[in-house]
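Secondary and tertiary structure notes
Each chain is listed here by its residues.
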Amino acid sequence: MFKRCLAALLCTCLMAMPAMAGQPADISPVPMRAKDSNLPAHWYQRGVFMEILVRSYQDTNGDGIGDLNGLISRLDYLQSLGIKGIWLMPIFQSADHDHGYTVVDYRAIEPAYGTLADFDRLLAEAHRRGIGVIIDYVINHSAATHPLFLDAQTGAQAQYRDWYVWQADKPVGWTAFDGDPWHAGQVGFYYGAFGGELPDFNLRNPLVVDFHLDNLRFWLNRGVDGFRFDAVGTLVENSSVAWENQPDNHPIMGRIQGLLAEYGNRFMICEAPSDPAAFAASSSCGHAFAFGLQKHLIKSIKMGRLMPDVPYLLGKLPMQSMGTLLSNHDAFAGNRLSQQFADDEASYRLAAAALMSLPGIPFIYYGEEIGLGVSTPVTHQDQELRGPMSWNGTAKAGFTKGKPFRPLVGNHRTHHVGAQLRRADSLLNTYKQLITLRNDTPALSVGAFRQLSQAHEPVFMFTRSHEQSTMLVVLNLAARPMSVKLPVDQCDAWQIKLALPALKAWQPDAQCQLVLPAQQAVFLSGP
């Protein structure tokens, strides 16, 4: 209820703002001008991504807001961590000046972040380090203050009226995420599934689709390596009971995938929490996030046994086309891991080991690698998860020399990069080890998956195989030692590639039986 009231208040404020006189929307056609990033072919399949909110990452000009130059200054850190891809949350000029999903200009950088020149330099510096950059793109809706919507508001004959979804009379019987999705405009009622401040585009209108394709070309021409598409399940609505995950959505995303294919070596992934498999299809987005899997993995670790939904989802979802995660910027995906595990680092490490060894393309959320906490007090829950990054133990955590735009996270004095670099057994160094192993082991990044454990068993075992290489992964989910029999022949021929925590001894008997310490992760390379 509070979030709905907040959305209504924001909508009222946005509607009261003056029209953006002298700032018409740029809808000019953009011809294709391909630019090679020099990244390896299929770079996105073999590496690990980090999701970053620029506003919260690193400030360089003292205004308390992270910026593109700050991100550039931290690229060496990301490279040392082994990151091969960065997903930037929205960087376009927005009405919210916060998360960025209320876009007012699809071809301009949020002023607090810097300039297009700064962004071009970010791309060049990331590519020089072998890191690809994908950016968040909001295709479903714009801000209510976008020039196109301000025009559409003026009446039924407005030039851009049909670029949004309008009805003369208010439809009844509809319910979407924020309740009733039909909102009173100046003339008529418009559809906004996520609230009145976010009017939905009319994606049945070919001109609207062309507008988005031109916007995508604008960024691809600058050298962007791809996109994360927001809320693709709500692109087209057919009725009050058929407004999400409609078949009409897939040809739109398939056409975009075709555009990226023209540029070559580009990557796109979609947010479709309630139907990820359909959007991961080659006729749609090609890749989607495996929402749901993360919650069952975390529950398995908390319960000390493999929850049935883990093997079910690993079998049901097209995992090689899925982005995997443990948390992200939205509370519906789960709180910060430091909250979910109540600072239990043994469980935290086990979750990271699972993420980095299961099939799919792993995405980690900025600060996850150091156990970043939450920011309070804030206006709404999602903001708790988007606090400033902690770089050192100083009063402002190394994030800014000014006043942070949002309170520093509660554990910034203990959980920061500086301290964790000095500890060999820190979370940060655990993530480094896991990412390095995945980067160096094709079997883990692109190999076939074979599950060797059953639901409710305390030890989760599986193999990843690619060409002539096989890796056996053994995860003791239980908080106590477990006797296990390795499902291999000649177990003395299998070599430990990584053990977390480090093992003092590895002594399976002649039948490959051994006692595995509590919450132990072991990665074994086969003969």
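The name given to the chain in an unreviewed UniProt entry is Glycosidase, with the source organism recorded as Chitinivorax tropicus. Quoted verbatim from the Sequence similarities (unreviewed entry) field of the UniProt record, the comment on the chain reads "Belongs to the glycosyl hydrolase 13 family."

One pass over the structure, following the stated rule, counts one disulfide. Residue pairing for cysteine 270: its cysteine sulfur links by disulfide to cysteine 285, the two sulfurs lying 2.1 Å apart. Residues cysteine 270 and cysteine 285 are joined through a disulfide that is left-handed, its torsion about the S-S bond being -95°. With cysteine 270 in strand 10 (residues 267-270) and cysteine 285 in the loop between helix 8 (276-279) and strand 11 (288-289), this pair connects stretches of sequence that are 15 residues apart. A residue is classified by how much of its surface remains accessible, and cysteine 285, at 1% relative accessible area, is buried.

On to the domain arrangement of the chain. Think of interface size as the accessible area that goes away when the parts come together; that is how it is often given. Segmentation of the chain into domains returns domain 1 (43-142 + 206-444), domain 2 (143-202) and domain 3 (448-526). The C-alpha-based centres of domain 2 and domain 3 are spaced at 56 Å.

Scanning all chains against the criterion turns up 43 aromatic pairs. Between tyrosine 164 and phenylalanine 201 the ring centres are 5.0 Å apart and the planes differ by 20°, which places this aromatic pair in the stacked class. In this pair, tyrosine 164 sits in the loop between helix 5 (147-152) and strand 6 (166-167) while phenylalanine 201 sits in the loop between strand 8 (189-191) and helix 6 (206-222), placing the two residues 37 residues apart along the sequence. Both residues of the pair, tyrosine 164 and phenylalanine 201, belong to the buried class. A ring pair is formed by phenylalanine 449 and phenylalanine 462, whose centres lie 5.3 Å apart and whose planes are at 50°; its orientation type is tilted. Separated by 13 residues along the polypeptide, phenylalanine 449 in strand 14 (residues 448-451) and phenylalanine 462 in strand 15 (residues 459-466) bring together distant segments of the chain. Phenylalanine 462 sits in the buried class, given a relative accessible area of 0%. Lying across the ring of tryptophan 391, arginine 74 places its NZ or CZ 3.8 Å from the centre. Here the basic side chain of arginine 161 rests over the ring of tryptophan 166, its NZ or CZ set 3.6 Å away from the ring centre.

The rules we used
- Residues numbered from 1 in each chain as written.
- Predicted model: local features only at pLDDT ≥ 70, side-chain atom pairs only at ≥ 80, totals over all residues.
- Heavy atoms only, no water.
- UniProt positions renumbered as here; feature names shortened; annotations may be inferred.
- Disulfide = S-S within 2.5 Å.
- Helix = DSSP H or I, 4+ residues; strand = E, 2+ residues; numbered from the N terminus.
- Buried < 20%, exposed > 50% of the residue type's maximum accessible area, 1.4 Å probe, protein only.
- Domains from an automatic or database assignment.
- Phe/Tyr/Trp six-rings, centres within 6.5 Å; stacked < 30°, edge-to-face > 60°.
- Lys NZ or Arg CZ within 6 Å of the ring centre and 35° of its normal.

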